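Listed below are the residues making up each chain.
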Amino acid sequence: MLKDEATLPRARLDADYTARTTVTEAEFADILGRYQSLSDAAHDLPHTRAGLTFCTETGLKLDLFGTTPGESRPVVVFIHGGYWRALSRAQSAFAAPMLAAQGIATAVPDYRLAPGASITDILTDCRRAIAHLWHNAEALGLDRTRITVSGSSAGGHLAAAVAQPGWQAELGLPEQPLLACLPVSGLFELAPLAACHVQDWMQFTDAELAQSPLRHPPQGLRGALALAAGAGEAMGFHRQSDAFAKVTGWPVHRVAGRNHFDIILDLANPDTTLSQLLLDLAR
């Protein structure tokens, strides 16, 4: 079990869950620059609606791309990564042009960041974003029966977590409001993270660890896929995807030639394996 990794020396866990060591500083800067430039370009899509407030309590917003007046489109909700403490919706819209060309909308929400927010706060934010889209689907030009959630790294954890059972009724949602889920290089058991450097800013509680997606896997989805990058991925992320695949029955697709950070940029190109997998789920 992955939670047993918590007994390993911290130095080992730090190495297995430190993705930054798999790329050079120059490569990392280039990838983040592409996140930003491709996301900036997405705002040129027709009918883009930026800064829609989805939670009046926190003031959190989302950006919506690829809708068309008079249509009710399927939507992919993309939840950004950054180890729950970095990035935002501003760097996370790179898939929107590809999806819009296929008749699919994209919603990119913000969430509160650690260490100012706990994982419980962050999950609440993501769930409220889903609820907002579902309850306001007609006004937003969305088909509430075709909501797919995706995300990378910490966003992969959050994508899997919003597909978990048990929280939906409190927000007035059906038992499973999502059509499909595509976590990319996600984190599905949090116990190893609580035993390494990530705990320095997350401060996971035992109750939060107990809610890990690996222990409460999603139910009732039409389709789902767990992915990990190829040889450039840190080993902890490979183990996480393999363990999640075992409990869910979802296949793991290894994307050759990609690392923890650039794999998700494949969603900007409709011809990549990752894009085809997402399109097959979301249509």
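Above this text you will find the structure in question.
These lines cover the structure that appears in this document, whether it is placed above or below.

1. Focus on the pairing of strand β2 (residues 61–65)
Then, number 1: When you tally the buried positions in β2, you get four out of five residues, the bulk of the element.
Then, number 2: The sheet contact formed by strand β1 (residues 49–53) and β2 spans three bridges and is antiparallel. Following the sheet pairing, Thr53 is matched in β2 by Lys61.
Then, number 3: Sheet topology note: the β2/strand β4 (residues 105–109) ladder contains four bridges and is antiparallel. Residue pairing across strands places Phe65 opposite Thr106, the latter belonging to β4.

2. Remarks on the environment of Leu158
Then, number 1: The residue Leu158 is located in helix α6 (residues 154–162) in this model.
Then, number 2: Leu158 sits in the buried class, given a relative accessible area of 0%.
Then, number 3: As for Leu158 and His80, which are separated by 78 residues in sequence, their C-alpha atoms are 8.8 Å apart.

3. Some thoughts on the pairing of strand β6 (residues 180–184)
Then, number 1: Burial analysis of β6 places five of its five residues in the buried class, the great majority of the element.
Then, number 2: With burial as the criterion, each face of β6 is covered, one bearing Ala180, Leu182 and Val184 and the other bearing Cys181 and Pro183.
Then, number 3: In terms of strand pairing, β6 meets strand β7 (residues 223–224) through two bridges, oriented parallel. Each residue of the ladder has a partner; that of Ala180, found in β7, is Gly223.

Cut-off values and rules
In every chain, residue numbers begin from 1 and rise along the written sequence. pLDDT decides what is reported in this predicted model: residues at 70 or higher carry local features, side-chain atom pairs at 80 or more are listed and counted, and totals for whole chains, interfaces and linings draw on all residues regardless. Remark: hydrogens and water are excluded; side-chain values derive from all non-hydrogen atoms of the structure. The buried label applies to any residue whose accessible area, calculated with a 1.4 Å probe on protein chains only, is under 20% of its type's maximum; exposed applies above 50%, and partly exposed to all values in between. Each helix is a run of DSSP H or I of at least 4 residues and each strand a run of E of at least 2, with the numbering of both proceeding from the N terminus. Strands qualify as paired when DSSP identifies two bridges or more between them.

From the geometry alone we can't say anything about function, so treat these as descriptive.
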